[in-house]
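# Residue-level structure breakdown
One-letter residues, chain by chain:
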Amino acid sequence: MELLFGFHPVREALRAGRVPESVWVVEEAKGLGEIVALARASGVQARTVTRQELGNLCRSSHHQNVAARFPERTLHALDHPLAVAEQRGQQPLLLALDHLQDPQNLGSLLRTAEAVGVHGVVLPKDRNAPVSTTVARASSGAVEHLALCDVTNLMRALAWYKERGVWVVGPDPAGETRYDALAYDWPVAAVVGSEEKGLRPLIRRACDYLVHIPMTGKVASLNAAVAGSLLLYHIWWTREHASAHGKK
């Protein structure tokens, strides 16, 4: 079971159709009517507790007066995001993570991924931040609307996608190609490396393009989640612009 707390993580989990085992709300707390209604619609009656009782349950005072316990989230096979993209009539856009370990960074990146319509997120089981309550809160619940693909070996997963026509693009300060120099009108997997070391050498070699984001400041590079978010947003914007231009 997974315990989520905070308004956005709990609401988005319920909106995404996850059926809770239990839901708790602080008695007389305001602004939780939607969550109570969503819980009731899923067949669960929200229980009222004191703020201290909820804090003890969550082991945190930052629960925003609501918590819920859910069965573990559904994980998908590698072909699922490709099928979703085909159903939507879109070119696949995937996000893959290579040792991204900070839960705040992961949550921020997942929030961007959901905002730009990423079809699936490839999450290696080891040496990555797990999808936790902290991640759910940092993503404002966006993680609940993303297809997560749990893999043992990222290199093999990327190879599997490449065999099916997906091009792998990685943000890298030493990349030879500007991130905005590509059309991105083909299936793309954007792979983001760790906060300290970036992409591992093996993953760098697997990339079809290593792209850099130009800067004028004195800091050597961008935060991994920021670089990944900029790349994802640019891919989405480029495709949207091309689509709008094509319709004209």
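A brief report on the enclosed structure follows. Note that the coordinates shown come from a computational prediction; the quantities given were computed from them, not determined experimentally.

## Topic: the overall build of the protein chain
- From N to C terminus, the protein chain includes 9 helices and 11 strands.
- What you see for the protein chain is a C-alpha radius of gyration of 20 Å, in line with the 18 Å of a compact globule of 248 residues.
- Taken along its principal axes, the extent of the C-alpha atoms in the protein chain is 55 × 40 × 35 Å.
- In the structure as shown, the protein chain presents an accessible area of about 12,900 Å², 48% of it carried by carbon and sulfur atoms.

## A short note on the nonpolar core
- Formed by 50 residues in total, the largest nonpolar core has its most connected members in Leu 95, Leu 97, Val 121, Tyr 184 and Leu 232.
- In terms of residue count, the dominant contributor to this core is helix 9 (residues 224-247) (6 residues).
- If we skip the residues at most four places from it in the chain, Leu 97 touches Leu 106, Leu 109, Val 121, Val 122, Leu 123, Pro 124, Asn 128, Leu 154 and Val 192.
- Of all hydrophobic cores here, the second largest spans 19 residues; its members include Cys 149, Leu 154, Val 168 and Val 191.

## Some thoughts on the packing of helix 1 (residues 7-15) against helix 2 (residues 33-41)
- In the contact formed by helix 1 and helix 2, the axes pass within 10 Å of each other and the chain directions differ by 35°. When you trace helix 1 past helix 2, the crossing you get is left-handed. Contact with helix 1, carried on its side by Phe 7, Val 10, Arg 11, Leu 14 and Arg 15, involves Glu 34, Ile 35, Leu 38 and Ala 39 of helix 2 and no other residues of that element.
- Looking at the contact of helix 1 with helix 2, its residues break down into 6 nonpolar, no polar and 3 charged.

## What about the side chain of Ser 60?
- Turning to its location among the elements, Ser 60 is positioned in the loop between helix 3 (51-58) and strand 4 (66-70).
- With a relative accessible area of 18%, Ser 60 lands in the buried category.
- In this structure the side chain of Ser 60 is engaged in a polar contact, spanning 3.0 Å, whose partner is the backbone nitrogen of His 62.
- In this structure Ser 60 touches Phe 5 and Gly 55, once residues within four positions along its chain are discounted.

## Here we look at unusual backbone geometry
- Positive phi values are uncommon outside glycine, yet Asn 65 reaches one of about 75°.
- With respect to the secondary-structure elements, Asn 65 resides in the loop between helix 3 and strand 4.
- Residue classification places Asn 65 among the partly exposed residues on the basis of a relative accessible area of 21%.
- Of note, the phi angle at Tyr 184 is positive, near 55°, even though the residue is not glycine.

## Let's talk about the sheet that holds strand 10 (residues 188-192)
- The parallel open sheet is built from 7 strands, whose spatial order is 7-6-5-10-8-11-9. Two strands in the sheet have a free side with no partner beyond their single neighbour: strand 7 (148-151) and strand 9 (177-178).
- Two elements, strand 8 (residues 167-171) and strand 11 (residues 209-212), share 3 bridges in a ladder whose sense is parallel. Note that in strand 11 the partner of Pro 171 across the bridge is Val 211.

## Quick look at the packing of aromatic side chains
- The final tally for this structure, using the stated rule, is 6 aromatic pairs.
- Measuring from ring centre to ring centre gives 6.0 Å for Trp 186 and Tyr 209, while their planes differ by 20°; the resulting arrangement is stacked. Taken together, the positions of Trp 186 in the loop between strand 9 and strand 10 and Tyr 209 in strand 11 put the pair 23 residues apart, joining distant regions of the chain.
- Centroid distance Tyr 233 to Trp 236: 5.3 Å. Interplanar angle 50°. Geometry classified as tilted. On the criterion of helical spacing, the pair formed by Tyr 233 and Trp 236 is a turn pair, its members being 3 residues apart in helix 9.
- Exposure remark for Tyr 233: the relative accessible area of 44% places this residue in the partly exposed category.
- Judged by its relative accessible area of 29%, Trp 236 is partly exposed.
- Among the aromatic residues, ring-to-ring pairing joins Trp 167, Tyr 184, Trp 186 and Tyr 209 into one connected group.

Rules behind the numbers
Residues numbered from 1 in each chain as written. Predicted model: local features only at pLDDT ≥ 70, side-chain atom pairs only at ≥ 80, totals over all residues. Heavy atoms only, no water. Helix = DSSP H or I, 4+ residues; strand = E, 2+ residues; numbered from the N terminus. Rg over C-alpha atoms; globule rule 2.2 N^0.38 Å. Areas by Shrake-Rupley, 256 points an atom, 1.4 Å probe, with all protein chains shown as cover. Core = buried A, V, L, I, M, F, W, Y, C linked by side-chain atoms within 4.5 Å. Buried < 20%, exposed > 50% of the residue type's maximum accessible area, 1.4 Å probe, protein only. Contact = heavy atoms within 4.5 Å. Axes fitted to C-alpha atoms, helices over the stretch in contact; angles between N-to-C directions. Left-handed = near helix turned anticlockwise from the far one by under 90°. Nonpolar A, V, L, I, M, F, W, Y, C, P; charged D, E, K, R; others polar. Polar contact = N/O pair within 3.5 Å; in protein donor to acceptor, adjacent residues only side chain to side chain. Pairing = 2+ DSSP bridges. Phe/Tyr/Trp six-rings, centres within 6.5 Å; stacked < 30°, edge-to-face > 60°.

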